[in-house]
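Each chain, letter by letter, is given below.
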Amino acid sequence: MDLEYPKIIQGGMGVAISNWNLAKAVSKLGQLGVVSGVALEVLLVRRLQDGDVGGHMRRALENFPFREMAERAVDRYYIPGGKAVDKPYAAIPMHRQVASKRLHELCILGNFAEVFLAREGHDRPVGINYLEKIQMPHLASAYGAMLAGAAYVIMGAGIPTMIPGVLDGLSNHEPVSYNLNVAGAQQGDDTLARFDPKGFMEGDHPPLDRPMFLPIVASNVLATTMLRRSNGKVDGFVIEGPTAGGHNAPPRGELKTNEGGEPIYGERDVVDLGKIRKLGLPFWVAGGAASAEKLREVLEAGGNGIQVGTAFALCNDSGMSDKYRTGLLQEAVAGTARVITDRLASPTGFPFKVAQLEGSLSEEDVYLSRTRVCDLGYLREAYRKDDGSLGYRCASEPAETYLPKGGNESDTVGRKCICNSLVANAGYPQIQKGGAVEKPLLTSGDDLAEIARFIPDGQTSYTARDVINKLLGSEA
Ligand SMILES: Cc1cc2nc3c(=O)[nH]c(=O)nc-3n(C[C@H](O)[C@H](O)[C@H](O)COP(=O)(O)O)c2cc1C
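Residues numbered from 1 in each chain as written. Predicted model: local features only at pLDDT ≥ 70, side-chain atom pairs only at ≥ 80, totals over all residues. Heavy atoms only, no water.

Engineer: Just checking my understanding: could you explain the environment of leucine 471 for this structure?
Structural biologist: With respect to the secondary-structure elements, leucine 471 resides in helix α16 (residues 464–472). The class for leucine 471 is buried, based on a relative accessible area of 2%. Distance in space between the C-alpha atoms of leucine 471 and alanine 289 is 9.5 Å, their sequence separation being 182 residues. Not counting the four nearest positions on each side in its chain, leucine 471 is found in contact with Ile8, Ala290, Ser291, Ala292, Leu295, Ile306, Val308 and Phe454. (Helix = DSSP H or I, 4+ residues; strand = E, 2+ residues; numbered from the N terminus. Buried < 20%, exposed > 50% of the residue type's maximum accessible area, 1.4 Å probe, protein only. Contact = heavy atoms within 4.5 Å.)

Below is the structure:
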């Protein structure tokens with residue numbers, strides 16, 4: 001394949017911030033558009049229940065190769081005209097080591113639809129982003145994305161050494177497995193998630209292109225580990241620093257915090273790009289890298305370009321709900337935008353960047369007024385039960401269900417339901433028992449404070465094209 005690497009990767013931003021619409025816009029402008037691969041099965045069924053505005057989901061599914069599977073999903077979830085606004089969305093099962101066939105099907109279909117739509121109407125490559133920590137959906141999700149022709153799989157928040165081999169296997173429709181992190185696991189325990197494409201194919205299908213695999217790393221050690229320990233080919237790296245939006249790697253060494261409780265990053269957290277270059281693979285730098293100067297600097301250091309998140313998250317093409325996007329933009333323009341690196345919010349234990357916004361879970365009273373419920377479960381941790389079977393727990397679930405599962409009370413403090421709030425950010429909030437509507441919790445990089453630089457004179461917002469023009473210093 002004749003490789004032409006992008007200078008700009010539009011970072012994967014979950015949930016549905018980098019939706020198919022944003023990724024398509026960026027890819028059509030000649031850079032790499034990336035869809036978020038997180039919770040696409042939830043988005044598929046919620047979009048169908050909202051009446052499939054624009055007909056996009058059904059159009060994508062009409063192009064899905066295995067017809068019966070696609071029809072089952074439409075028959076079950078599509079509501080012509082949309083569900084009543086005060087009715088909750090129908091739930092789907094939560095992921096477990098052994099997922100139901102229906103859940104696997106929805107994963108395949110949701111990932112297929114997002115990549116299909118991002119690729120529709122042009123021939124530029126499109127990538128998909130996953131978080132390693134969210135392990136249980138990986139296999140079916142990657143298969144769906146590959147059926148739609150995803151050209152890149154980009155993965156952060158963990159050490160995804162097993163993904164390259166998975167992509168190799170899936171490209172030949174072979175059975176694949178993924179070793180889950182299980183707290184308290186003992187030698188001999190079965191901790192594998194398994195997926196066999198043959199159980200889902202309806203007839204033969206030609207081999208699939210194997211996407212390029214770019215792990216997101218925050219240190220030289222991790223980049224080297226990925227090369228030494230991966231079970232297949234790593235095709236390059238995204239090197240992400242601690243000012244990036246979303247989850248951040250914790251600081252290296254002993255934890256030091258500022259007076260606001262935010263982790264302090266130091267010299268040890270700076271990646272040596274010279275050493276990365278010596279690894280001989282392409283790389284892109286992420287985290288406060290959205291400027292023509294930074295792009296030039298990275299190119300001079302031997303890199304291929306930059307990965308940009310926040311600037312795209314706040315543009316008109318993004319999947320962030322308009323009211324939250326304009327709210328954050330107004331704060332930025334007014335010079336009052338604030339982003340906090342919250343060590344507690346995410347049940348993953350990773351620091352998570354939280355943009356402060358009125359009415360969102362960034363406000364203590366809004367957070368405290370929410371009744372804890374765990375009904376999406378993406379960040380649940382698998383643990384070994386006494387009988388050797390696996391249980392699942394999340395530090396953001398109600399303490400009364402978390403503690404009997406062996407969870408520590410101290411781990412529940414300050415934890416937020418990132419699953420429900422991130423789905424709410426994109427405009428698909430669940431309505432819980434008693435009618436409470438799930439509230440948003442916005443994430444953004446530190447770059448939010450300076451984001452108004454992308455707004456053209458005389459306007460109040462900007463597009464993906466404005467971002468790319470500014471970064472390339474040219475007309476895209
Ligand atoms: C709203 C938002 C959501 C994000 N979600 C993810 C995610 O799901 N997975 C991921 O690997 N990175 C995620 N990121 C990080 C971006 O992909 C990107 O690497 C980062 O934003 C780059 O730094 P910048 O924000 O300074 O441009 C997210 C960033 C933002 C702003």
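Engineer: How should the packing of aromatic side chains be read in this particular structure?
Structural biologist: Each aromatic ring pair is characterised by the separation of its centres together with the angle its planes make. Under the defined criterion, the tally for this structure stands at seven aromatic pairs. Between phenylalanine 112 and phenylalanine 116 the ring centres are 5.8 Å apart and the planes differ by 15 degrees, which places this aromatic pair in the stacked class. Of the two residues, phenylalanine 112 and phenylalanine 116 both sit in helix α5 (residues 101–119), four residues apart, roughly one turn of that helix. The pair formed by phenylalanine 112 and phenylalanine 116 is uniform in burial state, with each residue classed as buried. The cationic tip of lysine 101 hangs over the ring face of phenylalanine 200; the distance from NZ or CZ to the ring centre is 5.4 Å. (Phe/Tyr/Trp six-rings, centres within 6.5 Å; stacked < 30°, edge-to-face > 60°. Lys NZ or Arg CZ within 6 Å of the ring centre and 35° of its normal.)

Engineer: Explanation requested: the pattern of salt bridges in the structure shown.
Structural biologist: Opposite charge on two side chains allows them to pair when their charged atoms are near. Counting across every chain of the model gives 17 salt bridges. Residues aspartate 447 and arginine 453 are paired through a salt bridge, measuring 3.0 Å at the closest nitrogen-oxygen approach. Assessed through its relative accessible area of 15%, aspartate 447 is described here as buried. By relative accessible area, which is 30% here, arginine 453 ends up partly exposed. Several salt bridges converge on common partners, so that one network encompasses Asp168, Arg210, Lys233 and Asp235. (Salt bridge = Lys/Arg side-chain N within 4 Å of Asp/Glu carboxyl O.)

Engineer: I'm lost on helix α7 (residues 163–171) in this one. Help?
Structural biologist: Spacing of three or four residues puts side chains on the same side of an α-helix, whose turn is 3.6 residues. Most of α7 sits inside the fold, with seven of its nine residues counted as buried. Buried residues of α7: Ile163, Pro164, Val166, Leu167, Gly169, Leu170 and Ser171, and no others. Contacts from the buried residues of α7 go to α6 (138–147), β4 (152–156), β5 (176–179), β7 (192–195) and β8 (212–217). With its phi angle positive at about 55 degrees, histidine 173 sits one or two positions after the end of α7.

Engineer: Explanation requested: the sheet that holds strand β14 (residues 381–384) in the structure shown.
Structural biologist: Sheets are built from strands paired through backbone hydrogen bonds, the pairs being either parallel or antiparallel. The mixed open sheet is built from three strands, whose spatial order is β6-β14-β15. Taken across any chain shown, the strands that pair with only one partner, and hence form the sheet edges, are β6 (182–183) and β15 (390–393). The sheet contact formed by β6 and β14 spans two bridges and is parallel. By the bridge assignment, alanine 183 is partnered in β14 with tyrosine 383. (Pairing = 2+ DSSP bridges.)

Engineer: Quick question: what am I supposed to make of the layout of surface pockets here?
Structural biologist: To find the voids left in a structure, one rolls a probe of water-molecule size over its atoms. Of the voids in this model, the second largest pocket is the one considered here, and its volume is about 430 Å³. What lines the second largest pocket is a set of 23 residues, and nearest its centre among them are Lys133, Leu379, Arg380, Glu381 and Ala382. Of the residues belonging to the lining of the second largest pocket, the class tally is 12 nonpolar, five polar and six charged. (1 Å grid on protein atoms, 1.4 Å probe; cavity = no way out; pocket = protein on both sides within 12 Å on 5 of 7 lines; lining within 4 Å. Points joined across faces, edges and corners; volume = space filled by probe spheres on them. Nonpolar A, V, L, I, M, F, W, Y, C, P; charged D, E, K, R; others polar.)

Engineer: Got a minute to help me understand the site of the ligand in this structure?
Structural biologist: In the neighbourhood of the ligand, 20 residues make up the surrounding shell, with Glu240, Gly288, Gln307, Gly309 and Thr310 lying closest. The backbone of glycine 12 places a nitrogen or oxygen atom 2.9 Å from an oxygen atom of the ligand. Note that an oxygen atom of the ligand is positioned 2.5 Å from one of the side-chain N or O atoms of glutamate 240. Mapped by element, the contributors of at least two residues to the shell around the ligand are β3 (126–131) and β11 (305–308). Taken together, the residues of the shell around the ligand break down into six nonpolar, 13 polar and one charged. (Near = heavy atom within 4 Å. Polar contact = N/O pair within 3.5 Å; in protein donor to acceptor, adjacent residues only side chain to side chain.)

Engineer: Please clarify how the side chain of glutamine 97 should be interpreted in this entry.
Structural biologist: Its place among the elements puts glutamine 97 in the loop between α4 (67–77) and α5. At 2.9 Å, the side chain of glutamine 97 and the backbone oxygen of aspartate 190 are in polar contact. Beyond its immediate chain neighbours, meaning those up to four positions away, glutamine 97 contacts Met136, Leu180, Asp190, Thr191, Leu192, Ala193, Leu390 and Tyr392.

Engineer: Help me out: how do you make sense of the environment of valine 270 in this one?
Structural biologist: Along the chain, the position of valine 270 falls in the loop between β9 (237–240) and α9 (273–278). Accessibility expressed as a relative area gives 55% for valine 270, which makes it exposed. Residues valine 270 and glycine 241, 29 residues apart in the sequence, show an inter-C-alpha distance of 7.5 Å.

Engineer: Explain unusual backbone geometry to me, please; I cannot follow it from the model alone.
Structural biologist: Negative phi characterises most residues that are not glycine, and trans characterises most peptide bonds. Across the junction of glycine 14 and valine 15, the peptide omega takes the value -5 degrees, indicating a cis bond. Position of valine 15 relative to the elements: it lies in the loop between β1 (8–10) and α1 (20–28). A positive phi angle is found at alanine 39, which is not glycine, with a value near 60 degrees. By secondary structure assignment, the location of alanine 39 is in the loop between β2 (33–36) and α2 (40–49).

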